[in-house]
Structure formats: C-alpha cells, structure tokens
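# Chain and residue survey
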Amino acid sequence: VQLQASGGGLVQAGGSLRLSCAASGTILSINALGWYRQALGKQRESVATVTSGGTANYADSLKGRFTISRDNAKNTVYLQMNSLKPEDTAVYYCNAKLVRGILYNYWGQGTLVTVSS
C-alpha cells in the first residue's frame, strides 16, 4: 500500500483546510484509513479513522471541528479541518491499516499544517 498525502499549508486561526490522501497498491485489503498528527516535541496521536464500512472515529478533543470522509471510487480519504487553532499545528500523516492475522500499518509521507494566531 502506498499513500500520498496532500493539502497542508499555512492558515490563520479560525480557518479551514482539507487534507487528501490517495491510496494505491493492495487497497482492497485496507481495513481502515485515517489521519494521525505529530506536533513538534510531541508523540504522534490519532486524529480520525474511517473503516472500510464507513464508520468514523475521532479523537475526543477534535470532534465537531474535524470530519473524515472516504471516497472508495477514488481510493482517497479526506480530512476536513475547520475552526483551526494554533495547537492544531503539526505534521499530519495518512495511515492505512490492514489486518492479515496481525495488524499492518502503512504511512504516508506527512503534510505540514501550520495555524497562525
């Protein structure tokens, strides 16, 4: 599985951005797609995931501001981020999970989101 993320950039607080991640390769085996983020000096954390069946899960602190969606025809997952805050500044990574007896994680290259105050 290969993941190509895009859509990061610089935005003012209160603004919006949409991240995209296109999956290729053994995509039919993907159980879930999602987004993680890692701020400078902090551990990587889960932002949101969506299963192959369309069930979405979010970090509690981000519910209501971020929306994950999945276009199966385009093999793409999106993260719509609204009402952005400076603390949302991080590198955002696309993630794919495959379960074949054990869990495999695949990562995109990361896209930087910077929210200015």
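For the structure itself, consult the block above.
Because the structure is a prediction, the values reported are computed rather than measured.

So, how was this worked out
- Residues numbered from 1 in each chain as written.
- Predicted model: local features only at pLDDT ≥ 70, side-chain atom pairs only at ≥ 80, totals over all residues.
- Heavy atoms only, no water.
- Helix = DSSP H or I, 4+ residues; strand = E, 2+ residues; numbered from the N terminus.
- Rg over C-alpha atoms; globule rule 2.2 N^0.38 Å.
- Buried < 20%, exposed > 50% of the residue type's maximum accessible area, 1.4 Å probe, protein only.
- Contact = heavy atoms within 4.5 Å.
- Areas by Shrake-Rupley, 256 points an atom, 1.4 Å probe, with all protein chains shown as cover.
- Core = buried A, V, L, I, M, F, W, Y, C linked by side-chain atoms within 4.5 Å.
- Polar contact = N/O pair within 3.5 Å; in protein donor to acceptor, adjacent residues only side chain to side chain.
- Disulfide = S-S within 2.5 Å.

## Structural notes on the overall build of the chain
A count of helical and extended segments in the chain gives 0 helices and 11 strands. Element order for the chain, N to C, with α for helix and β for strand: β-β-β-β-β-β-β-β-β-β-β. In terms of C-alpha radius of gyration, the chain reaches 14 Å, essentially the compact-globule figure of 13 Å for 117 residues. Along the first, second and third principal axes, the C-alpha set of the chain runs to 45 × 30 × 25 Å. In the chain, which comprises 117 residues, the share counted as buried stands at 39%. Residue pairs at least 24 apart in sequence account for 54% of intrachain contacts in the chain once pairs closer than 6 positions are excluded. Accessible surface computed for the chain: about 6,200 Å², of which carbon and sulfur atoms make up 49%.

## Remarks on the nonpolar core
In terms of nonpolar packing, the biggest core is built from 29 residues, with W35, L79, M81 and Y92 touching the most fellow members. Ranked by residues supplied to this core, first place goes to strand 9 (residues 90–100) with 5 residues. Sequence-distant contacts of M81, defined by excluding residues within four places in its chain, comprise G15, S16, L17, L19, R65, F66, Y92 and V113.

## Concerning the side chain of R37
Here R37 shows up in strand 4 (residues 30–38). With relative accessibility at 8%, the residue R37 sits in the buried group. Among the polar contacts listed, one links the side chain of R37 to the side chain of D88, at a separation of 2.9 Å.

## With respect to the state of the cysteines
The full count for this structure, using the stated rule, is 1 disulfide. In this model C21 forms its disulfide with C94; the gap between the sulfur atoms is 2.0 Å. In this structure, the disulfide formed by C21 and C94 twists by about -85° around the S-S bond and is classed as left-handed. Of this pair, C21 sits in strand 3 (residues 17–24) while C94 sits in strand 9, placing them 73 residues apart in sequence. The class of C21 is buried, set by a relative accessible area of 1%. Classification of C94 by relative accessible area gives buried; the value is 0%.

None of this, on its own, says anything about what the molecule does.
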